[in-house]
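Structure assessment
Chain by chain, the residues:
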Amino acid sequence: MDITTRQMFLLLRAGVFGQQDRVEPMSVWKWRKTYQLAVAHGVEAEAYEGLEVVSDQFFSQIVPDDLRSQWAESADQARRSQREEPAPLPPRLAKSLTAIAEAHPQSKADAMMLESLARLACALMNDDYWVRHLLNLGELVRESGSDVNREQLQKWIRKLGLTRMAQLEGALLMQLAGVQEGELPMPMPRRPDAFSQQVDAIASAIPHGREQLEFQQGKHIFVHTNNANAMVWNARRSMRFFKYSPRESLSQLFSSFARSLTNIEE
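What comes next is a walk through the structure. Predicted model only: the values in this text are computed from it and were never measured. (Residues numbered from 1 in each chain as written. Predicted model: local features only at pLDDT ≥ 70, side-chain atom pairs only at ≥ 80, totals over all residues. Heavy atoms only, no water.)

**Some remarks on the pattern of salt bridges**
When the charged atoms of two side chains with opposite charge come close together, those side chains can pair. On inspection of all chains with the given rule, the structure shows eight salt bridges. Its salt-bridge partner being Asp2, residue Lys33 comes within 3.5 Å of it at the nearest N-O pair. Separated by 31 residues along the polypeptide, Lys33 in helix α2 (residues 28–40) and Asp2 in the segment before α1 (3–17) bring together distant segments of the chain. Here Arg79 makes a salt bridge to Glu49, at a shortest N to O gap of 3.5 Å. With Arg79 in helix α4 (residues 65–80) and Glu49 in helix α3 (residues 44–53), the pair connects residues that are 30 residues apart, well separated along the chain. Overall, Arg79 belongs to the partly exposed group, its relative accessible area being 42%. Judged by its relative accessible area of 33%, Glu49 is partly exposed. (Salt bridge = Lys/Arg side-chain N within 4 Å of Asp/Glu carboxyl O. Helix = DSSP H or I, 4+ residues; strand = E, 2+ residues; numbered from the N terminus. Buried < 20%, exposed > 50% of the residue type's maximum accessible area, 1.4 Å probe, protein only.)

**A look at helix α9 (residues 163–176)**
An ideal rise of 1.5 Å per residue puts 20 Å on 14 residues; α9 measures up with 20 Å between its terminal C-alpha atoms. Of all 14 residues making up α9, ten are buried, and the element is well covered by its neighbours. Immediately downstream of α9, the backbone of Gly178 shows phi near 80 degrees, a positive value. (Expected span 1.5 Å × (residues − 1).)

**Some words on empty space enclosed by the protein**
Remark: the empty space left among the atoms is shown by a probe the size of a water molecule rolled over them. Under the criterion given, the structure shown has three cavities of 30 Å³ or more. Within this model, the largest cavity holds a volume of roughly 80 Å³. Residue lining of the largest cavity: eleven residues in total, with Ala87, Arg119, Cys122, Ala123 and Asp128 positioned closest to the centre. A total of four residues in the lining of the largest cavity trace back to one element, the largest contributor, which is helix α6 (residues 108–126). For the lining of the largest cavity, the per-class residue count stands at six nonpolar, three polar and two charged. (1 Å grid on protein atoms, 1.4 Å probe; cavity = no way out; pocket = protein on both sides within 12 Å on 5 of 7 lines; lining within 4 Å. Points joined across faces, edges and corners; volume = space filled by probe spheres on them. Nonpolar A, V, L, I, M, F, W, Y, C, P; charged D, E, K, R; others polar.)

Pasting the structure below:
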């Protein structure tokens, strides 16, 4: 991943988890790009908190005053605004999670961790503010990970067919959020670097706005998109995660297409 992406995750680790890594030297233009990345992922408030944490480091002082002011204003607006409700989970997955929670009311921490894992999986496949979901999962791991019955959680993960996806999420937490392997309640591969390339590819992908991926009809007979590559992009992204969760990858692709069709005016 490039330096601006690394810097964004450095700020997020500082702002959310209090982890102070050394700030890399960057130009003013790259600091602006880092800010824009944080806004695109919906984590400008957390990134600004990280900037405040590392403010005593020399290279963080290069951030110009006008950008700091703009960033602070965006962060304040993000904190005050009502964030959108999380996107609904695929029906099969939502039904399975509900059944597990109802059958095991005494295992609330385990069920919460499982749902957070499932929501991050869907966010990754949809490119739906997945960084924010990653931070939420990281906070949950730090706060409740020791209370989780790991054997039971891993059994549920296998039941939902999310074992490989959970391993990928664990790798994302370790490499991007600074979570230690011993803190993770999900199963991890034997080789710690097994997902390095995948993590780098996911972190480096430019987030897409939802409006770019919607299908419209307008005044024409035929359905079209406001981005000619939307369908191809959706398919490629779903296929990228197919080996981690085949059922949910296909489900998310068809669900995305179905949601987009609701924009068509009859």
